[in-house]
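Listed here are the chains, written in short residue letters.
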Amino acid sequence: MVFFAYLISFLLGYCAILNLLKRPSSLPPGLHCALGLSLGLGISGLLTFYGLLLYGRFDPALIIIENLGLLSGLIFLSFFRKKFNALKSISFNPWDPFSITVILLFLTLTVILSYFAQKHPFGEWDAWSLWNMKLKFLIYGADHWKDIFQLHWHTQPDYPLLLPCINAYLFAFDTAQDLTTVTLTTSVVLALLCGWTLLGGLKLFIDKKIALLACALLLSHPYYIMMATSQYTDILLGLYLLAGFITLKLMIPSQDKGTATLTGLFLGLLAFTKNEGIALSLLLIGLYAIDHFLVKRKKKDPLFIPFTGGFLTTLSATLVFKFLLAPPNRDILNFSSTGQHNYFGWNGLKTIIEFFILETVNPRWHFLWIFIGILIALKLRDYFRGENRILTLFFTGYLGILLFIYLTTTHFDLTWRLTRTVERIFFYLMPSVIFLCFSIHWQKKES
Amino acid sequence: MAIKANSAVKIISISLVFFLILVQLIYLLNLFVIFEKGKTSPVQEPGYEFTELKLKLKDTGRVGFITDKDMSPEGNDGKFLEAQYILAPMVLELGNSANRFTIVDSSNLTRGLAMAENIGAVPVHVTPYGKILAEKGH
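Residues numbered from 1 in each chain as written. Chains lettered and ligands numbered in written order. Predicted model: local features only at pLDDT ≥ 70, side-chain atom pairs only at ≥ 80, totals over all residues. Heavy atoms only, no water.

A. How the structure looks around the layout of surface pockets. Residue and element names in this part refer to chain A. Empty space within the largest pocket amounts to approximately 1,300 Å³. Around the largest pocket sit 41 residues that line it, and Pro-29, Gly-30, Cys-33, Phe-92 and Trp-196 are the ones nearest its centre. Looking at the lining of the largest pocket, the elements with two or more residues in it are helix 1 (2-20), helix 2 (29-55), helix 4 (97-119) and helix 7 (179-203). Considering every element that reaches the lining of the largest pocket, the biggest residue donor is helix 7, with eight residues. In this structure, the second largest pocket is lined by 43 residues; those nearest its centre are Asp-126, Gln-156, Tyr-159, Glu-276 and Thr-421. Counting only elements with at least two residues in the lining of the second largest pocket, the list comes to helix 5 (125-140), helix 9 (222-228), helix 12 (275-295), helix 16 (388-407) and helix 17 (414-441). Residues that form the lining of the second largest pocket fall into these classes: 24 nonpolar, eight polar and 11 charged. (1 Å grid on protein atoms, 1.4 Å probe; cavity = no way out; pocket = protein on both sides within 12 Å on 5 of 7 lines; lining within 4 Å. Points joined across faces, edges and corners; volume = space filled by probe spheres on them. Helix = DSSP H or I, 4+ residues; strand = E, 2+ residues; numbered from the N terminus. Nonpolar A, V, L, I, M, F, W, Y, C, P; charged D, E, K, R; others polar.)

B. Structural view of the environment of Phe-384 of chain A. All names here are of chain A. Tracing the backbone through its elements, the reader meets Phe-384 in the loop between helix 15 (368-378) and helix 16. With 234 residues separating them along the chain, Phe-384 and Gln-150 place their C-alpha atoms 46 Å apart. Ignoring sequence-local partners within four residues, the contact set of Phe-384 consists of Arg-389, Thr-392 and Leu-393. (Contact = heavy atoms within 4.5 Å.)

C. The arrangement of the domain arrangement of chain B in detail. Along its sequence, chain B is organised into domain 1 (1-40) and domain 2 (48-135). A straight line from the C-alpha centre of domain 1 of chain B to that of domain 2 of chain B covers 49 Å. (Domains from an automatic or database assignment.)

D. Structural detail: the packing of aromatic side chains. Residues and elements named next belong to chain A. All chains considered together, the criterion is met by 40 aromatic pairs over all chains. Measuring from centroid to centroid gives 6.2 Å for Trp-145 and Phe-149, while their planes differ by 70°, and the two rings are edge-to-face. Residue Trp-145 shares its accessibility class with Phe-149, and that shared class is buried. Between Phe-356 and Tyr-406 the ring centres are 6.2 Å apart and the planes differ by 65°, which places this aromatic pair in the edge-to-face class. Of this pair, Phe-356 sits in helix 14 (residues 346-360) while Tyr-406 sits in helix 16, placing them 50 residues apart in sequence. Accessibility expressed as a relative area gives 14% for Phe-356, which makes it buried. (Phe/Tyr/Trp six-rings, centres within 6.5 Å; stacked < 30°, edge-to-face > 60°. Buried < 20%, exposed > 50% of the residue type's maximum accessible area, 1.4 Å probe, protein only.)

E. A look at the environment of Val-102 of chain A. All names here are of chain A. Of note, Val-102 is situated in helix 4. Along the backbone, Val-102 and Ala-216 are 114 residues apart, and their C-alpha atoms lie at a distance of 9.5 Å. Those residues in contact with Val-102, other than ones at most four positions away along the chain, are Leu-199 and Leu-212.

F. Region of the structure containing the sheet that holds strand 5 (residues 132-135) of chain B. All names here are of chain B. The strand order across the open sheet formed by five strands is 2-1-3-5-4, and the pairing between neighbours is mixed. Each edge of the open sheet carries a strand with a single partner, namely strand 2 (91-94) and strand 4 (122-126). Averaged over all pairs of adjacent strands, the angle between strand axes in this sheet comes to 30°, irrespective of strand direction. By the bridge criterion, four bridges tie strand 3 (residues 101-105) to strand 5 in an arrangement that is antiparallel. Considered in strand 5, the bridge of Thr-102 is made with Ala-134. Against the sheet, helix 3 (residues 79-87) makes contact with strand 1 (62-67), strand 2 and strand 3, and its axis sits at roughly 160° relative to strand 2, the strand it touches most. (Pairing = 2+ DSSP bridges. Axes fitted to C-alpha atoms, helices over the stretch in contact; angles between N-to-C directions.)

So, in structure tokens, the structure goes:
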């Protein structure tokens, strides 16, 4: 039954993209499917969240009806706008060596990821103590599901709920199943989906064989496998950031309004994934606006309305969540009278920088960041050309934001906080960094 | 010359990618061996020490949770979060003993029983792991 849940989400996302793009055939089928499933799962998660708000409790039948209703509407719209004609041009030869290699790679990785996921079936600390615990509230809390917001601050009650909502949606299709099976399967699917999106995205800009190598580099990374199957929401954060990167890199040169809406939708979903997602999405949008209006000195942007429209559509859940439901955050940028910024100074700065440098050479990453450093050094100038400039400055800006957040630490010991969070930051940035570096280093001349 | 240098860079880069994937696969293989050798017992669900209390607390919305252990974010042993996870959707209130039921998680049983007495509650159940369920007005 969970298969049907995934199928409905996939079709939802696929049809949404089909209707958004002016020329759907411009998007390669593999990437269309990967982005379709990513978007669809996000939409299903949002529908579940709104369902909980509207009906006041978890109602599997109503969640299924919501999703099927939206899917029927999108299918009808696709027929009406003759969008399905684009599918006729798709040709897929499963017997060509590249396709066989991709299929074999993903089959092998499905086995490997499932094996490791079963080795920690309840996920790691934050997974069970935050996300999976909240999932129980959403499903079994009945009218009291909003008690989530009254829980002890150790459970981060202000964190957005996309991952538990996606899992609640998947559970709605078979309420007899064990919750652990749902969360475990989601982690494996998201880990594979991230690799699939990376492959599809890179194939647009570089040779497909190199794109496959990049995908293998990500998916075979032991630490990626361990973190992705830990059931943290960071894998979802990494996925939506990557999807946002790919669509943004497509949107600027093509000036396609549909792609702009799609980028906005992904960035809105990113914001509902975790508090960090809000900062990531706002930073990316801010940098795009600065580049467009200040650097390129353009007065108008035809993509502005579709881009912000898409963003606000999915951001709406975060706005409702943050302004109407969640308690204020007490860990980030705490400027209250009780907060003492003991680390705001040279010593704090030194500790943070040292920690970040040490993390790049940490053996758990198996030289990945050193390799990335070499790639960047070899073509440094290209990172500041065209739309790459926005993406490169995005990482620099985000490091600046992180630095400020760490410096204003009030409720934790700074070293402890760094130990617990830096590795995860590297993890969720990893797919997007690989995408950016590979797409620049091996860029096709025509792209 | 420039073209030659460019292709050399490309060859070196691709070789590096292959090298990295190879290193990763070796580590992955190593990880398989570690898992197979080291973990023979089944993984226990977080909060299993409190599972018994689920039935006792059926239909209870809020339960107190008191402890004599370090509850700082850096130093806590995770038992409060484990209890919250396993007993969800029940709300556990750390440090609040005003509810009818309170879970006492102490470093030893004698101390735990004294803690229950101190809040004016009677221990109604003790799990095999030494977690006490105390009730007021029993």
